[in-house]
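Next come the chains, spelled out residue by residue.
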Amino acid sequence: MIQTDIRKLVAYGVQTGLVPKEDVIFTTNKLLELFKLDELEESNEEITMQVEELEAVLGRMMDYAYEQGIMTENSIVYRDLFDTKIMSMLMPRPSEVIGKFKELYEKESPQAATDYYYKLSCDSDYIRRYRICKDMKWVTPTKYGDLDVTINLSKPEKDPKAIAAAKNAKQSGYPKCLLCRENEGYAGRVNHPARQNHRIIPVTINDSQWGFQYSPYVYYNEHCIVFNSQHVPMKIERATFCKLFDFVKQFPHYFVGSNADLPIVGGSILSHDHFQGGHYEFAMAKASIDRTFTVNGFEDVEAGIVNWPMSVIRLSGEDTDRIIELADVILKKWRGYTDEDAFVFAETDGEPHNTITPIARKRGEKFELDLVLRNNITTEEHPLGVYHPHAKLHHIKKENIGLIEVMGLAVLPARLKSEMAELKEAILKGADLRANEVLEKHADWVEEFAPKYEKIDASNIDEIVEKEIGLVFMEVLEDAGVYKRTAEGQKAFDRFVECLGE
């Protein structure tokens, strides 16, 4: 079967455009070498392969490799390392990918270039389509708009043997992190994913060198990452706004934003300066302006407070330089702003708390910049953060609220798939949730939402649980908002806005 699968994989390479016809023999020989075979058996059969067959073909190839001793271990971590090596045999060199991208960008359009690059990232199995499609996704209507919810199932769980091997593995500083350029073509190890099928597009933003790639986990359409070519920490400053708009001007069909630069309210990788973007419109981008305001000296920039659970100022105009100037004024003012009555403290004991999550986009002939005010102060009552999901919501979402969540997409842990299946069964049976070690954390929540429904049975329980998870996420965002959507909270927000012109 390995002979047929080699032929099939090469055919897949030709069909997807990864392997030019001139490279068929070369690619075949590279695969023969990988599987320690001396020859390709004669065959008159015309071989084709559907994209949907990729997972099965790679699976059989890895089974063969393990049986032959080519692969020493057979768990998911080792299989992911090896199937990436298999796919690397089909990959064009980085310079070829960059050349094709630039040609499409210049001769056709930025979107033609990204369409090519995204397809390549999927066809190469860098984005594992067959895993992404297993993610659970739905939309929950709320008073703020339609919130996206996903239970992420595409990141494989490590097995105990691989975890032990990673613990005992020599600690390496190469690549320094998952966002470094040195990942391109890297073979990986038990504690670092293989990236031989990964290609990076260089981009210049604000006169500095950055890289452009897609996230292998694709939380939304064409989920991309734009990262500094140097391994330097996240920092929100005036230059950040310049870089965001530079990228949007080059790729006007994409939005791009940055995580905040402080723990708790920042993303998972604060050590490497990077942005996230994509070809998608989140609920926050669709949200209307609640009320407008004008800042003295910036009458030419439209400004308003967004109708959103978090505290968002939206700036809009045709001149990005003017938007950037005003954004810098807001950032500097917010960094040093304290309002004890609203429990907003710029710093405590010398530790800064205020920062911003910025998101840039182009809308028609105008540019927009959303500035989400963040604060990472903690208290005894809220040790993980006052403006962070509160303890009663941790049964659904405990992790940091980063850029993606801020915009209206809940990325929920994989544990919820099995927990929700078990929970639904228990609700239908009328079981005591508090007597169940796994489900007891959901008991208060169920007791809270169940009375809202005349009946909960097999015909509607899936819809109800999805809706209620979405509503928990709405509460998560409300907890993360510095200024609450109450009369008192919005009055405090207005106090901050009024001091901008001073």
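Before any of the text, the structure's been laid out above.
Summarised in this report is the structure supplied together with it.

Calculation notes
- Each chain carries its own residue numbering, running from 1 in the written order of its sequence.
- Since the coordinates come from a predicted model, pLDDT governs what is reported: local features require at least 70, and pairs of side-chain atoms require 80 or more to be given and counted, while whole-chain, interface and lining totals use all residues.
- Side-chain figures throughout are based on the complete set of non-hydrogen atoms in the structure, without hydrogens or water.
- Cysteine sulfur atoms that come within 2.5 Å of each other are treated as a disulfide pair.
- Buried, partly exposed and exposed residues are distinguished by accessible area as a fraction of the type maximum, computed with a 1.4 Å probe on protein chains only: under 20%, between the cut-offs, and over 50%, respectively.
- Within this scheme a cavity is a closed region of a 1 Å grid, computed over the protein atoms alone, that accommodates a 1.4 Å probe without allowing it to escape, whereas a pocket is open but has protein on both sides within 12 Å along at least five of seven lines; lining residues each have an atom within 4 Å of a point.
- Grid points are joined across faces, edges and corners, and a volume is the space filled by probe spheres set on the points.
- By definition, any uninterrupted DSSP run of H or I lasting at least four residues is a helix, any uninterrupted run of E lasting at least two residues is a strand, and each is numbered from the N terminus.
- Interaxial angles span 0 to 180 degrees and are taken between N-to-C directions of axes, which are lines fitted to C-alpha atoms, for helices over the stretch in contact.
- Between 65 and 115 degrees an angle is taken as roughly perpendicular, under 35 as roughly parallel, over 145 as roughly antiparallel, and anywhere else as oblique.
- Crossing chirality is assigned from the near helix's rotation relative to the far helix, an anticlockwise turn below a right angle marking it left-handed and a clockwise turn marking it right-handed.
- Two residues form a contact once any of their heavy atoms are found within 4.5 Å.
- Charged means Asp, Glu, Lys or Arg here, nonpolar means Ala, Val, Leu, Ile, Met, Phe, Trp, Tyr, Cys or Pro, and polar covers whatever is left, Gly included.
- Here, strands pair whenever DSSP counts at least two bridges between them.
- Here a salt bridge means any side-chain nitrogen of Lys or Arg lying within 4 Å of a carboxyl oxygen belonging to Asp or Glu.
- Expected helix span is computed as 1.5 Å times (number of residues minus one).
- In this description, one arc is meant: the one made by directions from the helix axis to the C-beta atoms.

Considering the state of the cysteines
And then number 1: One pass over the structure, following the stated rule, counts 0 disulfides.
And then number 2: Free cysteine: Cys-133, not disulfide-bonded; nearest cysteine sulfur from Cys-122 at 12 Å.
And then number 3: Using a relative accessible area of 59% as the deciding quantity, one classes Cys-133 as exposed.

Notes on empty space enclosed by the protein
And then number 1: Scanning all chains against the criterion turns up 1 cavity of 30 Å³ or more.
And then number 2: When its volume is computed, the largest cavity comes out at roughly 50 Å³.
And then number 3: What lines the largest cavity is simply Met-136, Trp-138, Ile-151, Leu-416, Lys-417, Met-420, Lys-424, Val-465, Glu-466 and Ile-469.
And then number 4: Looking at the lining of the largest cavity, the element that brings in the most residues is helix α13 (residues 415-429), giving 4 residues.

Notes on the packing of α13 against helix α15 (residues 461-480)
And then number 1: α15 packs onto α13 with a crossing angle of 125° between their chain directions and a minimal axis gap of 11 Å. The orientation of α13 with respect to α15, classified from their angle, is oblique. Here α13 runs over α15; the crossing is right-handed. Here Met-420, Lys-424, Ile-427 and Leu-428 of α13 come into contact with α15, specifically with Ile-461, Asp-462, Val-465 and Ile-469.
And then number 2: Split by residue class, the contact of α13 with α15 holds 6 nonpolar, no polar and 2 charged.

Side note on the sheet that holds strand β15 (residues 409-412)
And then number 1: The strand order across the open sheet formed by 3 strands is β1-β2-β15, and the pairing between neighbours is mixed. The open sheet has two free edges, formed respectively by β1 (136-142) and β15, since each of these has just one partner strand. Going from strand to strand, the sheet's axes swing by 20° on average, the running direction of each strand aside.
And then number 2: Where β1 meets strand β2 (residues 145-151), 7 bridges bridge the pair, whose relative direction is antiparallel. Within β2, the residue paired with Lys-137 across the bridge is Thr-150.

Things to note about the environment of Ala-410
And then number 1: With respect to the element layout, Ala-410 can be found in strand β15.
And then number 2: Expressed as a C-alpha distance, the spacing of Ala-410 and Met-474, which sit 64 residues apart in the sequence, is 9.1 Å.

Digging into the layout of surface pockets
And then number 1: Estimates place the volume of the second largest pocket at around 530 Å³.
And then number 2: Together, 24 residues line the second largest pocket, and Leu-18, Leu-90, Met-91, Pro-92 and Arg-93 are the ones closest to its centre.
And then number 3: Within the residue set of the lining of the second largest pocket, elements represented by two or more residues are α2 (24-34), α5 (94-107) and α6 (110-123).
And then number 4: Grouping the amino acids of the lining of the second largest pocket by side-chain chemistry returns 12 nonpolar, 4 polar and 8 charged.

Remarks on the pattern of salt bridges
And then number 1: Under the criterion given, the structure shown has 42 salt bridges.
And then number 2: Notably, a salt bridge pairs Lys-119 with Asp-123, separated by 2.6 Å at the nearest N-O pair. Here the residue Lys-119 and the residue Asp-123 both occupy positions in helix α6, the gap between them amounting to 4 residues, near one helical turn.
And then number 3: Classification of Asp-123 by relative accessible area gives buried; the value is 3%.
And then number 4: Residues Glu-368 and Arg-314 are paired through a salt bridge, measuring 4.0 Å at the closest nitrogen-oxygen approach. Pair noted here: Glu-368 is in strand β14 (residues 366-375) and Arg-314 is in strand β10 (residues 312-317), with a separation of 54 residues, a long-range link.
And then number 5: Classification of Glu-368 by relative accessible area gives buried; the value is 8%.
And then number 6: Among the ionic contacts, a cluster of salt bridges with common partners joins Glu-281, Arg-314, Arg-361, Arg-363, Glu-368 and Asp-370.

Some points on the side chain of Asp-339
And then number 1: Along the chain, Asp-339 turns up in the loop between α11 (320-335) and β11 (347-348).
And then number 2: Taking the relative accessible area as the measure of exposure, Asp-339 reaches 8% and is therefore buried.
And then number 3: Those residues within four positions of Asp-339 in sequence are excluded, and the remaining contacts are Val-344, Ala-492 and Arg-495.

What to know about helix α16 (residues 487-498)
And then number 1: With 12 residues, α16 should reach 16 Å at 1.5 Å per residue; the first-to-last C-alpha distance of 16 Å fits that figure.
And then number 2: Within α16 the residues assigned to the buried category are Gly-489, Gln-490, Ala-492, Phe-493, Phe-496 and Val-497. Around the axis of α16, the buried residues are gathered within 155° of arc, so they sit on the same side. Turned more than 90 degrees from where α16 packs its buried face, Ala-487, Glu-488, Lys-491 and Glu-498 sit exposed.
And then number 3: In this fold, the buried residues of α16 make contact with β8 (289-293), β9 (302-306), β10, α11 and β14.

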